Number of protein chains: 2
Amino acid sequence: MRLLFDALGGDNAPVEIVKGAVLAAEEMNVDISFVGNKIEIEKVLKELNYDKEVSIINTTEKIENEEEPAYAIRKKKNSSTALGLKALKENNADAFISAGSTGALLAGGLFITKRIDNVKRAALPTELPSLSGKTLVIDSGANMDCDANLLLQFALMGKTYLESVKGLENPRVGLLNVGTEEGKGNALTKEAFTLLKNSNLNFVGNIEARDVTMGKCDLVVCDGFVGNILLKNTEGVAKFLMHTIQSEIKNADLSKETLLEVGTLFSKMSKKLDYKEVGGTILLGLKQVVVKAHGDSDSIAIKNAASAAVKALNNNIIETLERDFKENI
Amino acid sequence: MRLLFDALGGDNAPVEIVKGAVLAAEEMNVDISFVGNKIEIEKVLKELNYDKEVSIINTTEKIENEEEPAYAIRKKKNSSTALGLKALKENNADAFISAGSTGALLAGGLFITKRIDNVKRAALPTELPSLSGKTLVIDSGANMDCDANLLLQFALMGKTYLESVKGLENPRVGLLNVGTEEGKGNALTKEAFTLLKNSNLNFVGNIEARDVTMGKCDLVVCDGFVGNILLKNTEGVAKFLMHTIQSEIKNADLSKETLLEVGTLFSKMSKKLDYKEVGGTILLGLKQVVVKAHGDSDSIAIKNAASAAVKALNNNIIETLERDFKENI
């Protein structure tokens, strides 16, 4: 199994990317390869004393987060994103892992590696912390304006992702909505409710935003606009709480000992709420395994992203999705 | 100034409603009146030694939260909601305050007290805690499917609300969106951006969900579906944090003293995040002042709801909105 890493993508490229890839190679018995600045990559590999053969696609062209994704991916043919996805398509790698622009990765995925038959749009799942462990939100930001049929497709892809990558059998699927009763919501969710209810998914009905972190379902289905609001609000509320508690602590005049204990508690809590901790998420609906790692990924996050790719490949996620979308649509 | 209270609405009716009304009468020099079970109301008034004259519209019919609002308001003509709004329309009161079903209050507001000319839909503003104090979200759940022009109307109403009730001059208006740059978002927010930019509002551009609690604007504009998701997610994340910290504390084996200190901190923090604390919110766009208090309001929350009504009346919120919607639309 060969994993290809984007050594130009993300805030900590190339050092943390290369380190993470090497960790993956050591722990998971996979071949690693890179797309990026050959000289810099080899320098890091040397520092790490990694002496196995590594193939490198040399480039220094990068797509920035600010660029319009579809335009950038067409124009910057030598960008690490475009070259990486091309190598994937030509079977020079089994999975591509990038901490670069999500939009460019999605656009490139659609243009270069292409969608699975019958999949209308690729979707981005993201895990949120919850009382039951993790809850997967799909779509978390790739698709803004959606119809009900798209939401059903997201649910199908999310289900396969949870089964293949997370080992969760027959996950509980909830539709993000403003009330639990059938008939609640906007035109989109009302129609999606009917489609989900009539599907062979383990549909548990509408789920309110207050219950997402309560772990009432394993998979939360919504359009990418609402999913983005949900995720970023979770991040914002956690940040707000940290600010609030810090100022309360300042005013409270606590003992040194208590301060230390409280500090440890908060650092743990903060980690539990950080959806970046997860490492990587697979862009669903493409013909090959493309993993998006968070922009500020360190080596551990990159290794975790690689691990998600390995699990997906071992469990034949692409073949499963191809079969699902042949049969169910 | 006469305030009319719904003594059948909410979890703590009639006792806390009547107590809150009496507090308002004592503190704000207003006349109070009730719609509800006359015998019960008089019993509470007697217990409180309130001996001023109080007019009571006697009824025991109530609209439950589970009922379909528009249907219930038409069918239950003797419900406290319907009778209260009717009294308001007939100028037997200056404002109506209810902790009952939000949907019924909105439906009744539209059917009975009617909308201000040119206002297309009534909207529900809700305050969220933020680093700058409070941030108003409009619409927070009254209107599911919206067009861009509706979002502009919500912004105009929210601005007047903040100026009239909160004394905030020229509030900063943000459009809830998935990115800060112009051109981001779904079809609705892209179009709304243009309308807001060309309005005479103090429009500060798109605001991401992570920045709502950071206090980057005073007024967050969104459709009611998204607003509901934002609010309930804030509630859910706060709840999740409390659960998490409680279990961490259990495992941490802290000293008794630290436990006590931490407990106090959390109770303060919890209050800061509780959007129910605010008391009451005014249904915007109606021809009269209708205040929705939270379902589980206690006497203090009811008094705060009354205070919002008094401020709105003193600052001529209805006349201001009538003028705004004559000039701007």
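Everything below is about the structure shown above.
Reference entry: report on the structure contained in this document. All of these numbers come straight from a predicted model, not from anything done at the bench. (Residues numbered from 1 in each chain as written. Chains lettered and ligands numbered in written order. Predicted model: local features only at pLDDT ≥ 70, side-chain atom pairs only at ≥ 80, totals over all residues. Heavy atoms only, no water.)

Details of the packing of helix H6 (residues 148-165) of chain B against helix H7 (residues 187-197) of chain B
All names here are of chain B.
Piece 1. Following both chains from N to C, one finds H6 and H7 inclined at 50°, their axes separated by 8 Å at the closest point. It follows that H6 is oblique to H7 by the angle criterion. Along this stretch, H6 crosses H7, giving a crossing that reads as right-handed. Of the residues in H7, those touching H6 at Ala148, Asn149, Leu151, Leu152 and Ala155 are Leu188, Glu191, Ala192, Leu195 and Leu196. (Axes fitted to C-alpha atoms, helices over the stretch in contact; angles between N-to-C directions. Helix = DSSP H or I, 4+ residues; strand = E, 2+ residues; numbered from the N terminus. Parallel < 35°, antiparallel > 145°, perpendicular 65-115°, else oblique. Left-handed = near helix turned anticlockwise from the far one by under 90°. Contact = heavy atoms within 4.5 Å.)

Digging into helix H1 (residues 15-28) of chain A
All names here are of chain A.
Piece 1. With 14 residues, H1 should reach 20 Å at 1.5 Å per residue; the first-to-last C-alpha distance of 20 Å fits that figure.
Piece 2. Listing the buried residues of H1 in full gives Glu16, Ile17, Val18, Gly20, Ala21, Val22, Ala24 and Ala25.
Piece 3. Positioned one or two residues after H1, asparagine 29 has a phi angle of 55°, which is positive. (Expected span 1.5 Å × (residues − 1). Buried < 20%, exposed > 50% of the residue type's maximum accessible area, 1.4 Å probe, protein only.)

A word on the environment of asparagine 228 of chain B
Piece 1. Relative to the assigned elements, asparagine 228 of chain B resides in helix H8 (residues 224-252).
Piece 2. Overall, asparagine 228 of chain B belongs to the buried group, its relative accessible area being 10%.
Piece 3. Here the alpha-carbon distance between asparagine 228 of chain B and asparagine 143 of chain B, two residues 85 residues apart in the chain, equals 9.8 Å.
Piece 4. In contact with asparagine 228 of chain B, other than residues within four places in its own chain, are Val178 of chain A together with Ser140 and Gly141 of chain B.

A few points about the sheet that holds strand S5 (residues 126-130) of chain A
Piece 1. Ordered in space as S5-S6-S9-S7-S8 (chain A), the five strands form an open sheet in which the pairing is mixed. Taken across any chain shown, the strands that pair with only one partner, and hence form the sheet edges, are S5 and strand S8 (202-208) of chain A. Here the strands of the sheet are splayed against their neighbours by 30° on average, with no regard to which way each runs.
Piece 2. Relative to S8 of chain A, strand S7 (residues 172-177) of chain A runs parallel, the two being bridged by six bridges. Residue pairing for S8 of chain A: arginine 172 of chain A is matched across the bridge by asparagine 202 of chain A.
Piece 3. Of the strands in this sheet, S7 and S8 of chain A are in contact with helix H7 (residues 187-197) of chain A, which crosses S7 of chain A at around 170°.
Piece 4. Strands S5, S7 and S8 of chain A of the sheet are contacted by H8 of chain B, whose axis makes an angle of about 125° with S7 of chain A. (Pairing = 2+ DSSP bridges.)

Concerning the packing of aromatic side chains
Residues and elements named next belong to chain A.
Piece 1. Throughout the structure, instances matching the rule amount to four aromatic pairs over all chains.
Piece 2. Ring plane angle 75° and centroid distance 5.2 Å describe the contact between phenylalanine 193 and phenylalanine 203, whose orientation is recorded as edge-to-face. On the criterion of sequence distance, the pair formed by phenylalanine 193 in helix H7 and phenylalanine 203 in strand S8 is long-range, its members being ten residues apart.
Piece 3. Here phenylalanine 193 falls in the buried class, since its relative accessible area comes to 8%.
Piece 4. Its end group placed over the ring of phenylalanine 111, arginine 74 keeps NZ or CZ at 3.9 Å from the ring centre. (Phe/Tyr/Trp six-rings, centres within 6.5 Å; stacked < 30°, edge-to-face > 60°. Lys NZ or Arg CZ within 6 Å of the ring centre and 35° of its normal.)

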